[in-house]
Amino acid sequence: MTSLWFNGCTNLLCLPPILVDHFYFAIMLIANVLNCLVALASIYRVIRRQSFCRPHGENDDKLPSDGTAPAVTVVVACYLPNEQVIIESTIEHILLQLDWPSDLTLHIVYNTPSALPFEETLRRLEGCHYAPRRKLRITKVDASTSKAENLNHILPTITDEFVVLYDADHHPDTNSLVRLASALLRSEYVAMQGSTYIRNKQASLLARAVDAEFFVTHFIYFPAMEILGGTGYFGGSNALWRTRVLQQYPFDRARLTEDVDVSARALLDGHRIGFCPKARSGELAPAGPRALISQRLRWFMGWEQVTHAYYWKVFVSGLSLRAKAGFCYLFHLRWLLLFAAALAAVINPVITSPFVYPLMSWTMEFQVCVMTAVVLYGFVALLALHHSNVYEERRRQPMAMFSILIFFIIGWLYVIIHITLQTIAFVKVALGREGRWEVTARLYSGTSPAVRLGAVAGTLAEPLLPAAQAPSGRARTTVVPETV
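Given the structure is predicted, the values throughout are model-derived calculations rather than measurements. (Residues numbered from 1 in each chain as written. Predicted model: local features only at pLDDT ≥ 70, side-chain atom pairs only at ≥ 80, totals over all residues. Heavy atoms only, no water.)

If you tally the helices and strands in the protein, you get 15 helices and eleven strands. Counting every position in the protein, which comprises 484 residues, the buried fraction comes to 54%. For the protein, long-range pairs separated by at least 24 residues make up 82% of all intrachain contacts whose partners lie at least 6 apart in sequence. When the accessible area of the protein is evaluated, it comes to approximately 22,400 Å², of which 63% is carbon and sulfur surface. (Helix = DSSP H or I, 4+ residues; strand = E, 2+ residues; numbered from the N terminus. Buried < 20%, exposed > 50% of the residue type's maximum accessible area, 1.4 Å probe, protein only. Contact = heavy atoms within 4.5 Å. Areas by Shrake-Rupley, 256 points an atom, 1.4 Å probe, with all protein chains shown as cover.)

Laid out in structure tokens, this is it:
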């Protein structure tokens, strides 16, 4: 077969090289503009901070301590027996470690397919008051088979002005709830979404990788998303809502991501949701790669379900042009942004490598386009490292910064995994083969629930013992399935 080179061709289409340069330059320019939106939004955010025009969650993190702060309800949905190993430590943590200057009521709302001896231990805690001004309520939802049904059962009964939702494995930082409330009270938003990290990141390299991803997304990408789209979204846990608003949006048990579905309906009604990354909460790491992939695939299918359900509704809604653009940025543009990331992080480095078409052989405009994108990507990485140095605990800073650096170096692999899972999710949803919830196994290291909850029940109206002083049981690491 005659070679292209003998025919005077330098490419498969036999187009003049300059035309190929211009065509690919146009594609890369669009892709890099989309990819650089996060960096430009981050630069804008930095300028706002330096000019003392600080966004919510960036300055005061205090509430009145004279008893005038509003009461708050904490809701933790739980599925037994899967989460009986971890729910007791969550109860103890929220009642003892979580700061709140006024009344706080913790609702543990659970369902179980069959009666368990552990339920008696929980019932012994029902109605107990914990100093200062802490109450615990245990509710079993007999007909429930999902987290959505548990939440729908308890939310209509709440009368406090604010309600905060946590998953059963979440241990919010001591000042997390106060920071959420402080940010929400200074805004016109209906909800404030905090950030998440892996609290047992020492369990595995995978746990450290997920923790680095969470940090970058919550401290860099989500705040940039809020600036670009004018709103954030509700992530299901570590989120503070104005109760009267959340009560208007029952959770849909048919959705794989019922939290995203609530976000979409609230946004279509003109509400806005904010991000407050400094309000942090720790969750348990997935048990391994298979558990992580299963979890992410469910997330992607859930986003696809919501996107398909409300794809056209936004255009006929009464939202402002910016609100419509923000909704489209969250949902409609996900695929375009992902393809742009794949082009910039995976395809272009191969094409412009020394082994194919070296970057210096392209036009000056193309070189400037690529180098600008690289510089802005480096800025985002440095900003993430700076935030890690500020917000991570001092003893964890070096390893956290190293993990974040590795995350940016192998960002191309992250993009490949995501676009693969997103494609699978799209096909499954299009064919109606989403399936049902698959329980995500999580690693847990702790003491026996019988030992620890026995100690909790024994204190009754007295303050619970701090974790460091609680009666010791035999420490162990186990695999805990997530709520279904």
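Once the structure has been displayed, the description carries forward.
Moving on to the side chain of Arg179. Tracing the chain through its elements places Arg179 in helix H5 (residues 176–185). Filtering out sequence-adjacent residues up to four positions away, Arg179 remains in contact with Asp61, Cys276, Lys278 and Ala279.

This part covers the packing of aromatic side chains. Scanning the model with the defined rule gives 21 aromatic pairs in all. With a centroid separation of 5.5 Å and 90° between ring planes, the pair formed by Phe234 and Trp241 is classed as edge-to-face. (Phe/Tyr/Trp six-rings, centres within 6.5 Å; stacked < 30°, edge-to-face > 60°.)

Attention now goes to the environment of Phe214. Assignment of secondary structure puts Phe214 in helix H6 (residues 205–229). Separated by 190 residues in sequence, Phe214 and Ile404 place their C-alpha atoms 9.8 Å apart. Those residues within four positions of Phe214 in sequence are excluded, and the remaining contacts are Thr196, Tyr197, Ile198, Glu283, Arg296 and Trp299.

Opposite charge on two side chains makes pairing possible when the charged atoms of those side chains draw close. Following the criterion strictly, the structure yields 13 salt bridges and no others. Among the ionic pairs, Asp103 bridges to Arg133, the shortest N-O distance being 2.8 Å. Remark: Arg133 occurs in the loop between strand E3 (129–130) and strand E4 (134–140) and Asp103 occurs in the loop between helix H2 (84–97) and strand E2 (104–111); sequence separation between them is 30 residues. Owing to a relative accessible area of 33%, Asp103 belongs among the partly exposed residues under this scheme. Among the ionic pairs, Arg255 bridges to Asp252, the shortest N-O distance being 3.7 Å. Assessed through its relative accessible area of 18%, Arg255 is described here as buried. With relative accessibility at 26%, the residue Asp252 sits in the partly exposed group. A cluster of three or more residues bridged by salt bridges with shared partners is formed by Glu119, Glu120, Arg123 and Lys140. (Salt bridge = Lys/Arg side-chain N within 4 Å of Asp/Glu carboxyl O.)

Right, let's get into a nonpolar patch on the surface. A cluster of nonpolar side chains, namely Ile293, Met399, Phe402, Leu405, Ile406, Ile409, Ile410, Trp412, Leu413, Ile416 and Ile417, defines an oily patch on the protein surface of about 920 Å² accessible area. Sorting the residues of the nonpolar patch by element identifies helix H13 (397–409) and helix H14 (411–430) as the ones contributing at least two each. Sorting elements by how many residues they give to the nonpolar patch places H13 first, with five residues. Within the secondary structure layout, Leu413 lies in helix H14. For Leu413, a relative accessible area of 35% corresponds to the partly exposed category. (Patch = residues over 30% accessible without salt bridge, like charges linked within 9 Å, V, L, I, M, F, W, Y side chains within 5 Å.)

Once that is clear, we can look at unusual backbone geometry. The omega torsion across Leu80 and Pro81 is 10°, close enough to zero to call that bond cis. Relative to the assigned elements, Pro81 resides in the loop between strand E1 (72–79) and H2. Although it is not a glycine, Asn238 adopts a positive phi angle of roughly 55°. Among the structural elements, Asn238 can be located in the loop between H6 and strand E8 (239–242).

Core analysis: the biggest nonpolar cluster contains 41 residues, and Val76, Leu106, Leu136, Leu177 and Leu240 have the highest contact counts within it. The set of elements that each furnish at least two residues to this core consists of E1, H2, E2, helix H3 (118–124), E4, strand E5 (162–166), H5 and strand E9 (273–283). With residues near it in sequence (within four places) discarded, Leu240 still touches Val72, Phe162, Val163, Val164, Leu177, Leu180, Ala181, Leu184, Val190, Ala191 and Met192. (Core = buried A, V, L, I, M, F, W, Y, C linked by side-chain atoms within 4.5 Å.)

In this section: the state of the cysteines. Within the structure shown, the criterion is met by zero disulfides. Of the cysteine sulfurs around Cys369, a residue in no disulfide, the closest is that of Cys36, at 7.8 Å. (Disulfide = S-S within 2.5 Å.)

This part covers the pairing of E1. Counting buried positions along E1 yields eight of eight residues, so the element is predominantly enclosed. Here E1 shows a buried face lined by Val72, Val74, Val76 and Cys78 and a second buried face lined by Thr73, Val75, Ala77 and Tyr79. Both E1 and E2 contribute to a ladder of eight bridges, which runs parallel. Each residue of the ladder has a partner; that of Val72, found in E2, is Leu104. Relative to E5, E1 is paired through five bridges, and the arrangement is parallel. Bridging from a neighbouring strand, Val74 pairs with Val164 of E5. (Pairing = 2+ DSSP bridges.)

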